[in-house]
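# Remarks on the overall topology
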Amino acid sequence: VAHALFGSVCEKVLGVAPHVMVENGREFVPLVLRFVWHRVWAGGDRVVGRSEVGLGAAVAALPGGDGWEDGPGGSDQRRLPTLLAMLAKIKGPSQLPHGAVLRRIYTFYLCHPSHAVSSPALACLTAYGAPHLVPHAETLAGILSKSLRDALAKFNPEKAVAAEHRAGLMPLLARILFGRLLSTASGGRKNNGGIAARRTAVTIFLGVHFRADELE
């Protein structure tokens, strides 16, 4: 079955040779899109994916598709962190076809409550070299880590973010912060003081540093 073969290829080949994706992007990226649509997304993710990411329309426009079937309840979600981590290793991702959809998928997953998903999604976006993101990638990675409170305390967007970059960066930061609000990982008393302390820090940061239109 196509989805089983694709999962095996990802785990055995792309982990050590991500350049294969670039060299064979015309054939490989459609497989990534199909895999996410049929085997990872289900239920609410699909509803959002149609309107926000446009993945459903992109998959429907792809030729072929024999051997792909929907998995029950996002049956291959366990492979998502591995897939994103492999995609993050690709040098020059702008060369890949369907780039706009891929970037929207990565952006979508910034607000995932699991660090195992949101962190490689951020790495995937950073690899594109966007000027509004690259200077702050380390800070955003810190917000996704157990050092969230320290990262937020040291980051003042009004001073650190260039005016021309704010419109591009703040929506990404908002997604990351919403994901941290949803996370149920405590981070340990030593690092973050637990879930309540993390959520308080995030809520205060959103209220202090974001304009209303940046949270829409």
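Scroll up for the structure.
Here is a short report on the structure shown in this document.

Here the focus is the packing of helix 7 (residues 99–108) against helix 8 (residues 115–126). Two measures define how a pair of helices packs: the angle their axes make with one another and the distance between the axes. Where helix 7 contacts helix 8, the two axes come as close as 8 Å, and the packing angle between them is 145°. Once helix 7 is placed against helix 8, the crossing between them reads as left-handed. On helix 8, the residues that touch Arg-103, Tyr-106 and Thr-107 of helix 7 are Ala-121, Cys-124 and Leu-125. Grouping the constituent residues of the contact of helix 7 with helix 8 by class yields 4 nonpolar, 1 polar and 1 charged.

Quick reminder: α-helices carry 3.6 residues per turn. Residues three or four places apart thus point the same way. The terminal C-alpha atoms of helix 13 (residues 194–209), which comprises 16 residues, lie 23 Å apart, in line with the 22 Å expected from a rise of 1.5 Å per residue. Gly-194, Arg-198, Ala-201, Val-202, Phe-205, Leu-206 and His-209 are the residues of helix 13 that are buried. Down the axis, helix 13 shows its buried residues gathered within 140° of arc, on one side only. With respect to the buried face of helix 13, the exposed residues turned more than 90 degrees away are Ala-196, Ile-204 and Gly-207. On the buried face of helix 13, the contacting elements are helix 10 (148–154), helix 11 (157–160) and helix 12 (163–182).

Phi at His-98 takes a positive value of approximately 55°, unusual for a residue other than glycine. Mapped onto the secondary structure, His-98 falls in the loop between helix 6 (80–88) and helix 7.

In this section: empty space enclosed by the protein. Enumeration according to the criterion identifies 3 cavities of 30 Å³ or more in this entry. Put simply, the largest cavity is a space of about 50 Å³. As for the largest cavity, its lining consists of Val-32, Val-36, Leu-80, Leu-83, Leu-84, Leu-87, Leu-102, Ile-105, Tyr-106 and Tyr-109. Going through the elements one at a time, helix 3 (25–40), helix 6 and helix 7 are the ones with two or more residues in the lining of the largest cavity. Top contributing element to the lining of the largest cavity by residue count: helix 6, with 4 residues. Classifying every residue of the lining of the largest cavity gives 10 nonpolar, no polar and no charged.

Parameters at a glance
Residues numbered from 1 in each chain as written. Predicted model: local features only at pLDDT ≥ 70, side-chain atom pairs only at ≥ 80, totals over all residues. Heavy atoms only, no water. Axes fitted to C-alpha atoms, helices over the stretch in contact; angles between N-to-C directions. Helix = DSSP H or I, 4+ residues; strand = E, 2+ residues; numbered from the N terminus. Left-handed = near helix turned anticlockwise from the far one by under 90°. Contact = heavy atoms within 4.5 Å. Nonpolar A, V, L, I, M, F, W, Y, C, P; charged D, E, K, R; others polar. Expected span 1.5 Å × (residues − 1). Buried < 20%, exposed > 50% of the residue type's maximum accessible area, 1.4 Å probe, protein only. Arc of directions from axis to C-beta. 1 Å grid on protein atoms, 1.4 Å probe; cavity = no way out; pocket = protein on both sides within 12 Å on 5 of 7 lines; lining within 4 Å. Points joined across faces, edges and corners; volume = space filled by probe spheres on them.

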